[in-house]
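# Structural characterization, general
So you can see what is in the structure, the chains are spelled out below.
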Amino acid sequence: MGDTMYKGVWIHPWDFSKDAISKISHYGFTHTSLAVRYIEERQNWPGPNIIFQNSKKRTYTSEENAVYWMPNKERYLHLPPQLRPEPSKEIKEDIVEKFIKACEENSIKSVLWFPTLRWEKAVRDSLDFGVKDVYGSHPGYKRMFLCPSNPLVRETLSLMVEELSEKYEFDEFEFDFIRYPEIPSTYGTPLLNLALSPCFCEHCKAEALKHGLDLEEVRETFKAIVEWHVEYLPNSYYCEDEDYLEAMYLEFTKEIIENEVIKEWLKFRAEQIRIILKELSKIIRKNNPKAQMSADLYPPSGSWLLGQDYKKLVEILDAVKIMIYVKPFRRSICRIPYETRIARRYLKNKLLILGLASWPPTTPKDIEEQLKLALDSPIDGVSFYSYGWTPEKNFLKIKELFKRWKI
Ligand SMILES: [Zn+2]
């Protein structure tokens, strides 16, 4: 810790300007991450829906299918049209290039933030590219994810990462959404959520066989769990008592400990995520060996349910970022000391960056309270989400705390 601490902030391409980067540097940040392709944002629920740092665009909804560099179309011509990267129609310049230059001029480290498997437009245009649950349906109606076992998906992502790492001299490459989607559900049980999780597509079936796993057997196991819930839920009272929640999690734990098929399936999914991260990171190591490699991972207590195995992934990465957006997402502040200490067990000497929310309803007082807890936790840095959404007052508090606490 001390002067070498990582102090980051995420910035959306529509909020980028040279002035923005100089401001970020002036606040005391050492790193800034720019989304280089589609990131779903309407700045945002929960929050007042205003971009505080962008006087030209106080509101903005991101394009569903844009990249923010000028892709060389030739590279992608053999891919299905749905998977080819499209330059932004609304921001008609190479933001990635300008961003890296502005970072260099302001002595701030440039991070290319790459949303990896989340891509609503491509999945809506063809479900064949997306993950599927036991009934062949995509499990997220809003958050649609590509399947990491699909060879076309792998090739598309590899080509994009290759182009970015050949063209640009960035300091860090950050993988986001490199996992399976969360299951949107309420009043269910943890076991039901697991049974509704993907992926059961043809590509996964073939890949699983190579690992000696029969996905049809997993499918039957999960369908039985769903059928049990069809009978049970109408008799459940749908209550949320602490005592009941605890009982549900105990039963969930027992099922996973005892069920070998589920265990093998969880391992298989983690392996698919490891393989794609390994493939993509190899390209970056080759083209830009100086760059740091990081990933935004789910907090470790729940990451294994989404295919992220910290033990395996940290072997590939230099740094891990975990997001605990306390107030906007109503997360308990106790997750800061808890999740960072679990993560540290797996990370050993790799960098651990804690992602914090700096947008309303987060106040300067909240920032001070969270940052204090963070500094008492085993982390190597913090990063704030996001530049555009953060009121000036919050930035001034961050700047003051960086100075006061010699972060
Ligand atoms: Zn699949």
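The notes below deal with the structure included here. Predicted, not measured: the structure shown is a model, and the values here were computed from it.

When its secondary structure is counted, the protein shows 14 helices and eight strands. Relative to the 2.2 N^0.38 estimate, which gives 22 Å for 407 residues, the radius of gyration of the protein is 21 Å and therefore close to what a compact globule would have. With respect to the principal axes defined by its C-alpha atoms, the protein has extents near 60 × 55 × 40 Å. Out of the 407 residues belonging to the protein, those deemed buried represent 57%. Counting only contacts in the protein whose residues sit at least 6 apart along the sequence, the fraction spanning at least 24 positions is 77%. For the protein, the computed accessible surface area is about 18,200 Å², with 53% contributed by carbon and sulfur atoms. Of the side-chain charges in the protein, 59 are positive and 61 negative, and the distance between the mean point of each set is 5 Å.

Within the protein, the atoms that donate to the zinc ion are C147 (SG), C199 (SG), C201 (SG) and C204 (SG), at distances of 2.2 to 2.3 Å. Around the zinc ion sit four donor atoms; with metal-centred angles ranging over 97 to 116°, the donor geometry is tetrahedral. The sequence motif formed by the donor residues of the zinc ion is C-x51-C-x1-C-x2-C. Note that C147 is positioned in the loop between α3 (120-125) and α4 (151-167) and C201 in the loop between α5 (190-195) and α6 (202-210), a separation of 54 residues in sequence. You'll find C147 and C201 in the same group, each marked buried.

Next up on the list: the layout of surface pockets. By volume, the second largest pocket amounts to about 390 Å³. In terms of lining residues, the second largest pocket is bounded by 17 residues, among which D15, F16, S17, N54 and K56 are the most central. A total of three residues in the lining of the second largest pocket trace back to one element, the largest contributor, which is helix α1 (residues 18-26). When the residues that make up the lining of the second largest pocket are grouped by side-chain class, the tally is seven nonpolar, four polar and six charged.

Before going further, it helps to examine the nonpolar core. Grouped together as the largest cluster of nonpolar side chains are 130 residues, with contacts concentrated most on F29, F175, F222 and F384. Ranked by residue count, the leading element in this core is helix α9 (residues 260-287), at eleven residues. In contact with F222, not counting residues within four places along its chain, are V134, L194, A195, F200, I262 and W265.

Okay, the sheet that holds strand β8 (residues 381-385) next. What the eight strands build is a closed barrel, ordered β1-β2-β3-β4-β5-β6-β7-β8; its pairing is parallel. Across the sheet, the mean angle from the axis of one strand to that of its neighbour is 25°, orientation sign disregarded. Relative to strand β7 (residues 351-357), strand β6 (residues 319-323) runs parallel, the two being bridged by five bridges. Bridge assignment links A319 to a residue of β7, and that residue is L351. Of the strands in this sheet, β1 (6-11), β2 (31-35) and β3 (109-115) are in contact with helix α2 (residues 95-105), which crosses β3 at around 150°. The strands touched by α4 within the sheet are β3 and β4 (172-176), with β3 carrying the most contacts at an inclination of about 165°.

It is worth spelling out unusual backbone geometry at this point. Put simply, P360 and P361 share a cis peptide bond, and its omega is 10°. With respect to the element layout, P361 can be found in the loop between β7 and α13 (364-375). At the junction of Y385 and S386, the peptide bond is cis and its omega measures out at -15° in the coordinates. As for its position among the elements, S386 is in the loop between β8 and α14 (392-404). Backbone geometry places Y237, a non-glycine residue, at a positive phi of 70°.

Right, let's talk about the pattern of salt bridges for a bit. All told, the structure shown has 35 salt bridges when counted by the stated rule. One salt bridge in this structure joins R219 and E216, with 3.2 Å as the shortest N-O distance. Of this pair, R219 and E216 both sit in helix α7 (residues 215-232), three residues apart, which is roughly one turn of the helix. You can call R219 buried: its relative accessible area is 14%. Given the relative accessible area of 27%, E216 is considered partly exposed.

The next point concerns α9. In an α-helix there are 3.6 residues to a turn, and that puts residues three or four apart on one side. The terminal C-alpha atoms of α9 lie 41 Å apart, and with 28 residues this matches the ideal 40 Å at 1.5 Å per residue to within 8%. Residue N259 occupies the N-cap position of α9, its side-chain oxygen lying 3.1 Å from the main-chain nitrogen of V261.

In this section: the packing of helix α8 (residues 242-258) against α9. At a minimum axis distance of 5 Å, the contact between α8 and α9 shows a crossing angle of 85°. As far as their axial angle goes, α9 and α8 are roughly perpendicular. Contacts from E255, I256, I257 and E258 in α8 reach E260, I262, K263 and L266 in α9. Counted by class, the contact of α8 with α9 contains four nonpolar, no polar and four charged residues.

About the thresholds
- Residues numbered from 1 in each chain as written.
- Predicted model: local features only at pLDDT ≥ 70, side-chain atom pairs only at ≥ 80, totals over all residues.
- Heavy atoms only, no water.
- Helix = DSSP H or I, 4+ residues; strand = E, 2+ residues; numbered from the N terminus.
- Rg over C-alpha atoms; globule rule 2.2 N^0.38 Å.
- Buried < 20%, exposed > 50% of the residue type's maximum accessible area, 1.4 Å probe, protein only.
- Contact = heavy atoms within 4.5 Å.
- Areas by Shrake-Rupley, 256 points an atom, 1.4 Å probe, with all protein chains shown as cover.
- Lys, Arg positive; Asp, Glu negative; His and termini not counted.
- Charge placed at Lys NZ, Arg CZ, Asp CG, Glu CD.
- Donors = N, O, S within 2.8 Å, 3.2 Å for Na, K, Ca; no water.
- Tetrahedral: all angles 85-135°; square planar, octahedral: opposite > 155°, others 65-115°.
- 1 Å grid on protein atoms, 1.4 Å probe; cavity = no way out; pocket = protein on both sides within 12 Å on 5 of 7 lines; lining within 4 Å.
- Points joined across faces, edges and corners; volume = space filled by probe spheres on them.
- Nonpolar A, V, L, I, M, F, W, Y, C, P; charged D, E, K, R; others polar.
- Core = buried A, V, L, I, M, F, W, Y, C linked by side-chain atoms within 4.5 Å.
- Pairing = 2+ DSSP bridges.
- Axes fitted to C-alpha atoms, helices over the stretch in contact; angles between N-to-C directions.
- Salt bridge = Lys/Arg side-chain N within 4 Å of Asp/Glu carboxyl O.
- Expected span 1.5 Å × (residues − 1).
- Polar contact = N/O pair within 3.5 Å; in protein donor to acceptor, adjacent residues only side chain to side chain.
- Parallel < 35°, antiparallel > 145°, perpendicular 65-115°, else oblique.

Honestly, it's all geometry; don't read function into it.
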